[in-house]
Amino acid sequence: MSAIAFSTAPPCHDPRLVRAYLKQTVLRLYGVMLPILAIVMGLMLLLLMHLLKGSTAGWLQLAYGAFMLLLPAICARTMVHQQLRKFSEEGVALSEELVAARVSRELVSPFDIFTSFDLCAEALSGLGTGQALGLTGPPAFAHDPFKRIIVLGRQRPFCLFGATQVRLWAEPGQGVRIHVGRILSVQCLCMQTGSALRAVEAVTAQLQASLAWRLRAQDAVLREQAAEREALQARLSALQAQVEPHFLFNTLANLKYLVRTDTPAALEMLDHLIGYLQNALPDMRSVSSTLGREIDLARDYLALMQIRMGQRLSYSIDVQDDLRALPMPPAMLLSLVENALRHGLQGVPQPGSVRLAAALRAGMLEVAVHDDGAGLAGSAAHGHGLGLSNIHARLALLYGGAAILEVAQASPGGVTAILRLPLSAGGA
C-alpha cells in the first residue's frame, strides 16, 4: 500500500484569472503612462528627426515608437508575474476580489441605528484598527453622524491614497445594515495587489468583533439583572413567609380561646377563617396584588377580629372604586391593620376603632390605617416590631427609596400609619 504524500506546494492560480489580471494591469498601466509616453515619444521623435536624415531616421523613429508602445505591456507582464509569485508564497489563491479595486462587505447590527453608529466609530478610530490595517498608529479617520458615514485610511487625502467607507442605514423589519467598501481613488488606476480586499476584511473583522463584544456585554447585563430579580424574588418570598405564620398563629390562638368560651362565636369565626384562607392563601406568596384585593383581605381580617373582640372593635373603610385596580404589594396592608389591633386596641379596656382610607396624592398611592388606641407607647409602634420591620424591608427591595412608611401619633390619641407607594414602580 503506497503512502499518501501531502503537498505543501503553493496554490495554483486559475489561468483564466491570470489572463484577466494581466489584461487589467496592462490597461491600468496604459491609462496612467499613455499621456507621459505621448509627450516623451513626441520629444524623442523631434530629436531624431533633427539629428538624423534619410531613411535611417525613419526606421529609428518607427522602432523607437514601437518600443515605447510595448513598454507598458512588458512592465505589466513582469509586475504580474512577480505579484503572482508573492501570492503563491503567501498561500493565497488568485480570485476576482483579490485583484479588484472595489470590494464590499455587509453586516447586520442587532442594535439600533444610533448605538450601531457609535460602536462603529469607537471601534474604527482606535489603535486596534490601525494595526489591523498594517499601520503603526490609529488610521486617518473622518465621520459624519448625520449621514452615518465613516471613512478611514492610511492618510489623507482619501481620494489620492485610498480609503474604506462604512455606511449605516436602517431598513424596516431588517434591522440596521452596515456596508463596508472601498471608495474610488487614484489607487484604482494602479496595479491591484489585494490591498483593497485586505483593508475591507480588516475593517469588517473589527466591526464584527466590536458588535460581538457589545452583544456579550449586553447579555451579561441581562443575565445579571435576571439573577438580581431571582434573588429579589427569593428575599421577598422569605419576608412574606414571615407574615403568614404570624397571622395564622394569632388567628388560631383567638379561635382556641373562643372554642373554650363561646362555641357559636367560634364556629362563626371558623367559617370566616375558612373563607379567608380560600381567598388569601393562593396569592399570599405573590409579589404583586391590587389595592382592591388587599382591602378585601383586610375587611375579612377585621370581621374575624370583631368576632373575637366584640363591641370593643369597630372599623370603617373609605376607598373609592376607581382606586381598587391600582397595584400594591400583598400583605402590607394586612400587617398594618394587625399592628393597629395588636399594639393599639387589644391592650386598652375601652372600645376602639380602626379606619382604612386610600387616595391619590402627587402621583403616589397613599394608604392610611388609623386607630384610636394606646398610641406610640409600645416599641413595636415605633417601627421595631416584626410587622413594621417586614414592611420596611420589603419596601426597600421593591421600590428602593421611592416608597415611604410613616408611623405617627394621632390626635387626640392613637396611631396613624401611612404607606406612600409610587404608581410607576414595577415592583408592585
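Residues numbered from 1 in each chain as written. Predicted model: local features only at pLDDT ≥ 70, side-chain atom pairs only at ≥ 80, totals over all residues. Heavy atoms only, no water.

*Asks:* Before we go on, may I ask you to explain the sheet that holds strand E4 (residues 164-171) in this structure?
*Replies:* Ordered in space as E1-E5-E4-E3-E2, the 5 strands form an open sheet in which the pairing is antiparallel. The open sheet has two edge strands with one neighbour each: strand E1 (104-109) and strand E2 (140-144). Geometrically, the sheet is characterised by an average inter-axis angle of 15 degrees between neighbouring strands, direction not taken into account. Here strand E3 (residues 149-153) pairs with E4 via 4 bridges, running antiparallel. Counted as the bridge partner of Ile150 is Val166 from E4. Strands in contact with helix H3 (residues 113-124) are E1, E2, E3, E4 and strand E5 (175-182); relative to E4, the strand with the most contacts, it is inclined by about 165 degrees. (Pairing = 2+ DSSP bridges. Helix = DSSP H or I, 4+ residues; strand = E, 2+ residues; numbered from the N terminus. Axes fitted to C-alpha atoms, helices over the stretch in contact; angles between N-to-C directions. Contact = heavy atoms within 4.5 Å.)

*Asks:* Whenever I open this one, empty space enclosed by the protein confuses me. Can you help?
*Replies:* Using a probe with the size of a water molecule, rolled over the atoms, empty space left in the structure can be pinpointed. Counted by the stated rule, this structure contains 3 cavities of 30 Å³ or more. The computed volume of the largest cavity comes to approximately 110 Å³. Along its surface, the largest cavity is lined by 13 residues, and Leu336, Asn339, Ala340, Asp371 and Val415 are the ones closest to its centre. Secondary-structure elements contributing two or more residues to the lining of the largest cavity are helix H9 (332-345), strand E10 (364-371) and strand E12 (415-422). It is H9 that provides the largest number of residues to the lining of the largest cavity, a total of 5 residues. (1 Å grid on protein atoms, 1.4 Å probe; cavity = no way out; pocket = protein on both sides within 12 Å on 5 of 7 lines; lining within 4 Å. Points joined across faces, edges and corners; volume = space filled by probe spheres on them.)

*Asks:* Got a minute to help me understand helix H8 (residues 291-309) in this structure?
*Replies:* Structural remark: α-helix, 3.6 residues per turn; residues separated by three or four positions point the same way. Helix length check: H8, at 19 residues, gives a terminal C-alpha distance of 26 Å against a target of 27 Å (1.5 Å per residue), a fit within 8%. Just beyond H8, the residue with positive phi is Gly310, at close to 65 degrees. (Expected span 1.5 Å × (residues − 1).)

*Asks:* Is there a simple way to think about the pairing of E10 in this case?
*Replies:* Side chains on a regular strand alternate between the two faces of the sheet. When you tally the buried positions in E10, you get 7 out of 8 residues, the bulk of the element. Summarising the sheet, strand E9 (residues 352-361) and E10 pair through 8 bridges and their orientation is antiparallel. By the bridge assignment for E10, Leu360 is matched with Leu365. The antiparallel hairpin formed by E9 and E10 contains 2 residues in its connecting segment, where Ala362 sits at a positive phi of about 55 degrees. (Buried < 20%, exposed > 50% of the residue type's maximum accessible area, 1.4 Å probe, protein only.)

*Asks:* Help me understand the sheet that holds E10, please; the structure alone is not making it clear to me.
*Replies:* Strand pairs in the sheet, formed through backbone hydrogen bonds, run parallel or antiparallel to each other. What the 5 strands build is an open sheet, ordered E7-E9-E10-E12-E11; its pairing is mixed. The strands lining the two open edges of the sheet, one partner per strand, are strand E7 (313-318) and strand E11 (404-409). On average, adjacent strands in this sheet sit at an angle of 15 degrees to one another, irrespective of strand direction. Pairing geometry for E7 and E9, over 6 bridges, is parallel.

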